[in-house]
Amino acid sequence: MKQWFKTKFGLAPYGEVQLIEFSFEMKTQEDTSLTQYKLLLNDEIIQAHLEFSTKKGIMIITKELNPEQLLKKENIDYKIISKEIISYEKVLESNNQFVK
Amino acid sequence: MSFIIKEKKSVVTNSYGSNLPYITKSICPECKRILDAKVYAKKDVVYLLRTCPNHGEFDELYWESVDDFNKAKKYASNARGLLNSNVSITNNTGSNCPFDCGLCTNHHSHTALANIAITNRCDLSCWYCFFYAKAGDPIYEPSLEQIRLMLKNLKSESPVPCNAIQLTGGEPTLRDDLFEIIRIVKEEGFDHIQLNTTGMTIAFNSGYAMKLKEAGVSTLYVSFDGTTPQTNPKNHYEMPKTIAECRKANLGIVLVPTLIKGVNDNDIGNIIDFALQNIDVVRGVDFQPVSFVGRMPKSQREKQRITIPKTTQLIQEQTNNLIRKKDFFTIPCISPVTNFIEALTNKAQYSLDNHFACGMATYVFLNEKNEVLPLPEFVDVDGLFKFLREMSNSIEEGKNKRIETAKLLLKLKSFINQEKKPKDLNLTKLLFDALVKHDYSALGEFHTKSLFIGMMHFMDSYNYDQQRVERCDIHYATPDGRIIPFCAFNVVPELYRDKVQKQYSISWEEFRQTYVGESKDPLQKYVRNIKELENSLEYKKAYSKKKYFFEK
Ligand code: SF4
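Throughout what follows, the structure given in this document is the object of discussion. In this text the structure is predicted, and so the values were computed from the model without any measurement.

## Some words on the interface of chain B and chain A
At step 1: If you look at the interface, chain B gives 40 residues, while chain A gives 38 residues.
At step 2: Of the roughly 3,500 Å² buried where chain B meets chain A, counting both sides, 48% is carbon and sulfur surface.
At step 3: Counting across the chain B and chain A interface gives three salt bridges.
At step 4: As a salt-bridge pair, E30 of chain A and K25 of chain B come within 3.2 Å of each other at their nearest N and O atoms.
At step 5: Applying the counting rule to chain B against chain A returns 29 residue pairs in polar contact (both at pLDDT 80 or more).
At step 6: Broken down by secondary-structure element, the contributors of at least two residues to the side of chain B that touches chain A are α2 (144-155), α17 (497-503), β19 (505-506) and α18 (508-514) of chain B.
At step 7: Among the elements that line the side of chain B that touches chain A, the one with the most residues is α2 of chain B, at five residues.
At step 8: Residues that form the side of chain B that touches chain A fall into these classes: 11 nonpolar, 16 polar and 13 charged.

Structural data, given as structure tokens:
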């Protein structure tokens, strides 16, 4: 049986997740976009955005995942800025306009 | 005006509405790298060209006619943008479009129609469908609570809340709680509910259409690829029964043919003829030129690709010039109407500011002699829209609203040919009521006496243009609170459609074990009895006059 977590947005597939902020080195906007795409192909990465102009990235990933391993796997020249465990409910809250 | 961002700029590509050739962005169909792309003319045809450093050149047919492209481009309207976005972690630049959906603040259009997929189960197994769960696949069925939250999310769009929902699947009628879902959609304040269905459940359950109508469904959106068993293997035999049931319930249908060159493009006229023969219940035909799924060799794409100009040309040829190419207008042509009402009311209005190359449409009427009469035959559409544009500019510049409205009333008649128009259609009053009094009730009458003929060309990874996706106004809502433009959802399904459904689904076995609905087997497939269907009265009647309106 799949495990679900109760949230105010209905049953969710995650309870707690990791919010990772990092800086990265990338030469072009195109490389940055493609890297974001490749990261998002991983099931364990729930949302991610890499900002070329500031060279900062943000990811919401499953609790079990090691972000460093993941970024290394994608050959990203990175530095983790912060790691935080948050409830997935917070992510849902930030995506839903009616709670903003 | 402050309530709306009328001059929204794209952070990705800013050449919208430019003359050919111009630069946009596209993706590599192989690796999904975002690439600069050129939209250009070769002979009389428009192509989209880009080169991936790893996978080479992709030069794809974009539109089959430069003239038609330029005619549609005239109506490229300033998109308005949204004042609130969903995904805040993107820093709201959307600069990695289409991997930042959504909606992000780069997105240009509010949701005009929101799809909510309520199941991926289907009782058919069409070979070309990428959506339904095959045996053993996980089952995706958002809960009532999740559906309500998706609706709330759509209603919160600012400045224009979404007001139209399409319940889709899989086959949405397989959900035992469908009527409860419709009730929730109504409760959350949506005026238009469209049900995307194969029509099977309606055909074989007498009274089901009536129940849908009573529950609040406005229209059925039913796949109908042709008038023969060869061109329409999906529901050729069942469609007459579906129509008969909808007729009893007075429930409108829009027929949705997916057009594939060399497969059903010779049946276009017959499809329209079929629709006109059932105009009491068929409200429209919405052609969808094929968009390819996954990888496909160029030779096969060239064999099967059809785009909007070819579709309108074939409509003209196959309707004996009764419905002509020039009768079709791009969807955002309607924006002068929106602008005019906004100028008059100072309130943001529902707008259709999608890309001019996404779709075209017209209306045709049957007059008192049962003759086919396209709307541009008796309305000077270009003239009317030009006049409305001038009027809204005058109002925005501070001219007196009352005087401008009086001018409109005086001038409106001059755009309508009173001799040619259907006698029972008071178009001047209808337009005035809609434009000035904002009374849209009469527009319903307009719909029932006419047939909408439209086409919407969804993209695939080969003809993908970011200018189009960032203006897309047909979206998907997902249970994680995101709202994802249609072509992003389906062109990069690995990030959206498939990924979200995987997160929010349960296994086939778990679904079977926990299912508490009425079906004996919720995963059962439909078995067709051709003989019985062919012998039915509805079937014989429906296909007896193949060419009625367009007989040579
Ligand atoms: S398609 Fe729209 S929502 Fe998605 S990333 Fe592009 S602009 Fe943003």
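Next comes the rest of the description.
## Quick word on the packing of aromatic side chains
Residue and element names in this part refer to chain B.
At step 1: Inspection of the entire model under this criterion finds 26 aromatic pairs over all chains.
At step 2: For the ring pair F69 and F356, a centre distance of 5.1 Å and an interplane angle of 75° mean the geometry is edge-to-face. Residue F69 is located in helix α1 (residues 66-73), and its partner F356 is located in the loop between α10 (335-345) and β14 (359-366); the two are separated by 287 residues in the primary sequence.
At step 3: Given the relative accessible area of 0%, F69 is considered buried.
At step 4: Here F511 and Y515 contribute two aromatic rings whose centre-to-centre distance is 5.7 Å and whose plane-to-plane angle is 45°, an arrangement assigned as tilted. Of the two residues examined, F511 and Y515, each falls in the buried class.

## Quick word on the environment of Q166 of chain B
All names here are of chain B.
At step 1: Residue placement: Q166 occurs in strand β7 (residues 164-168).
At step 2: For the pair Q166 and A114, spaced 52 residues apart in the sequence, the C-alpha separation amounts to 5.9 Å.
At step 3: Not counting chain neighbours up to four residues away, the residues in contact with Q166 comprise L113, A114, N115, I116, Q194, N196 and Y221.
At step 4: For Q166, the side chain forms a polar contact with the side chain of Q194, separated by 2.7 Å.

## Section: the pattern of salt bridges
Residues and elements named next belong to chain B.
At step 1: This structure, assessed with the given rule, holds 37 salt bridges over all chains.
At step 2: A salt bridge links R497 to D498; the shortest N-O distance between them is 3.0 Å.
At step 3: Given a relative accessible area of 6%, R497 falls into the buried group.
At step 4: Owing to a relative accessible area of 38%, D498 belongs among the partly exposed residues under this scheme.
At step 5: Its salt-bridge partner being R512, residue D521 comes within 3.2 Å of it at the nearest N-O pair.
At step 6: Relative accessible area serves as the criterion here: at 42%, R512 is assigned to the partly exposed category.

Calculation notes
- Residues numbered from 1 in each chain as written.
- Chains lettered and ligands numbered in written order.
- Predicted model: local features only at pLDDT ≥ 70, side-chain atom pairs only at ≥ 80, totals over all residues.
- Heavy atoms only, no water.
- Contact = heavy atoms within 4.5 Å.
- Buried area = accessible area lost by both parts, 1.4 Å probe.
- Salt bridge = Lys/Arg side-chain N within 4 Å of Asp/Glu carboxyl O.
- Polar contact = N/O pair within 3.5 Å; in protein donor to acceptor, adjacent residues only side chain to side chain.
- Helix = DSSP H or I, 4+ residues; strand = E, 2+ residues; numbered from the N terminus.
- Nonpolar A, V, L, I, M, F, W, Y, C, P; charged D, E, K, R; others polar.
- Phe/Tyr/Trp six-rings, centres within 6.5 Å; stacked < 30°, edge-to-face > 60°.
- Buried < 20%, exposed > 50% of the residue type's maximum accessible area, 1.4 Å probe, protein only.

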